[in-house]
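# Descriptive analysis of the structure
The primary structure of each chain is shown beneath.
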Amino acid sequence: MKAMLFQYLKNVNSRHLMVCVGGDGTVSEVAHGLLLKAQIDAGKDTDYVPRPARAPLPLGVIPAGTTNILAYTLYGIKHPVTATLHIIMGHVQPVDVCTFSTPSKLLRFGFSAMFGFGARTLALAEKHRWMPSSQRKDFAFIKTLANLRPEECELSFLPLQTSQEGSHENDRRKKETIKNNGSKDQWHKIQGHFLNVSIMAIPCLCSMAPRGLAPNTRLNNGSMALIAVQNTSRSAFIKHLKRYASVKNQFNFPFVETYTVEEVKVQPRFKSMFDSKDDTCGNSTSAEGTYPWNIDGDLVEEGSAVHVRLHPQLIDLYGVNIDELQGSKATCNCI
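The notes below deal with the structure included here. (Residues numbered from 1 in each chain as written. Predicted model: local features only at pLDDT ≥ 70, side-chain atom pairs only at ≥ 80, totals over all residues. Heavy atoms only, no water.)

### Things to note about the overall build of the chain
A tally of helices and strands in the chain yields nine helices and 12 strands. Evaluated residue by residue, the chain yields a buried proportion of 55% over its 335 residues. Considering only contacts in the chain between residues 6 or more positions apart, those separated by 24 or more positions represent 75%. (Helix = DSSP H or I, 4+ residues; strand = E, 2+ residues; numbered from the N terminus. Buried < 20%, exposed > 50% of the residue type's maximum accessible area, 1.4 Å probe, protein only. Contact = heavy atoms within 4.5 Å.)

### Things to note about the pattern of salt bridges
Throughout the structure, instances matching the rule amount to eight salt bridges. We note a salt bridge from R54 to D316, for which the minimum N-O separation is 2.9 Å. In this pair, R54 is assigned in the loop between α2 (24-41) and β2 (59-63) and D316 in strand β12 (residues 306-318), connecting sequence segments 262 residues apart. Overall, R54 belongs to the partly exposed group, its relative accessible area being 39%. One salt bridge connects D298 with R108, and the closest N-O pair in it is separated by 3.2 Å. Of this pair, D298 sits in strand β11 (residues 298-302) while R108 sits in strand β4 (residues 106-110), and the two are 190 residues apart along the sequence. A relative accessible area of 5% means that R108 is categorised as buried. Taken together, the salt bridges that share partners define one network made up of E29, R108 and D298. (Salt bridge = Lys/Arg side-chain N within 4 Å of Asp/Glu carboxyl O.)

### Focus on helix α4 (residues 80-89)
If you check which residues of α4 are buried, you get A83, H86 and I87. Down the axis of α4, the smallest arc covering the buried residues is 100°, so these residues share one side. In α4, those exposed residues whose orientation departs by more than 90 degrees from the buried face are I88 and M89. Considering only its buried residues, α4 is in contact with β1 (18-22), β2, α3 (69-75) and β12. Looking one or two places after α4, you find G90, whose phi comes out positive at around 75°. (Arc of directions from axis to C-beta.)

### Some details on the packing of helix α6 (residues 133-146) against helix α8 (residues 234-243)
Geometrically, a packed helix pair is captured by the angle between its two axes and the distance between the axes. With their axes 11 Å apart at the nearest point, α6 and α8 run at an angle of 145° to one another. Across from F141, L145 and A146 in α6, the residues of α8 making contact are R234, F237, I238 and L241. Within the contact of α6 with α8, the residues separate by chemical class into six nonpolar, no polar and one charged. (Axes fitted to C-alpha atoms, helices over the stretch in contact; angles between N-to-C directions. Nonpolar A, V, L, I, M, F, W, Y, C, P; charged D, E, K, R; others polar.)

### Examining the environment of M208
Considering the arrangement of structural elements, one finds M208 in the loop between β7 (188-200) and β8 (224-230). The exposed category is assigned to M208, whose relative accessible area is 54%. Residues M208 and S246, 38 residues apart in the sequence, show an inter-C-alpha distance of 9.0 Å. When residues no more than four places from it in sequence are discounted, the contact partners of M208 are T67, Y244 and A245.

### Digging into the packing of aromatic side chains
Tallied over the entire structure, the rule returns seven aromatic pairs. Note on F115 and Y291: the rings are 6.0 Å apart at their centroids and 45° apart in plane angle, and the pair reads as tilted. Of this pair, F115 sits in strand β5 (residues 112-116) while Y291 sits in strand β10 (residues 291-295), and the two are 176 residues apart along the sequence. Put simply, the rings of F115, Y291 and W293 pair up and form one aromatic cluster. For K265, the ring lying beneath its charged end belongs to W187, and the centroid distance is 4.8 Å. (Phe/Tyr/Trp six-rings, centres within 6.5 Å; stacked < 30°, edge-to-face > 60°. Lys NZ or Arg CZ within 6 Å of the ring centre and 35° of its normal.)

Encoded structure:
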């Protein structure tokens, strides 16, 4: 499929309109292809793109997947007709994009990623693709939760220097970081055992999290949300997960830390703690020494440190800004 996509994109120019019908993984793959084409057309090195070129044309998203996070975030609802109307009416929003790279290569462009629980759940689900999609995801979630274990890693991040309006009242660590940070290029590091690490450039709305997996960020405010869930009991972690579906603050736990950042580096400290023979880890199909990443619903396996950079307004997508969807919150909460 990837080869066919890139072959098709060779003939795309700024006079075209591209519409993608599919789930988060399909949409992310098309967006990645558009941005990769932009780098090639601009004569840039596709293995190292600190300042990538913008996508050459806007992308429309018509939801046809299971979760449809990007569609929810753009339209406030998972509804193909609503998405089509936004495309027809020309409602275009510039959207922030991340690059995920190792010291030697670019992994991909994307909007959000999870390391730890969210990635291992996806890795296990990918091993059971013979199951129906919804059953596969539920099975992987429950089995990974039953075998909940942390990953030891080091998180390095560059805090955002400009305070964002409307930030979460419990984003206390971000405020402390900005207050104590005298240099724009001063990196901060935290080490420990983490159950899950989320890095998100968009709010990531969905039916399971109507306020968003990262409610502090917006489509194009030039910031990423770094959410680090430290090791805790299974019952406490479940309480944290259940908060996403409610109006309560899902970050109001002593083991959850949130930051507003521009760049993040994730360095696993040593080989995964899981037994490679244990099917619940979802790592048995990975090469030795690699770790699963969930990037926009796609499984990416990597053994070295991953550097995530934010690139403001790198692509145009059809939809509306999250601040314009206040009237749609009741619709999302009723799903």
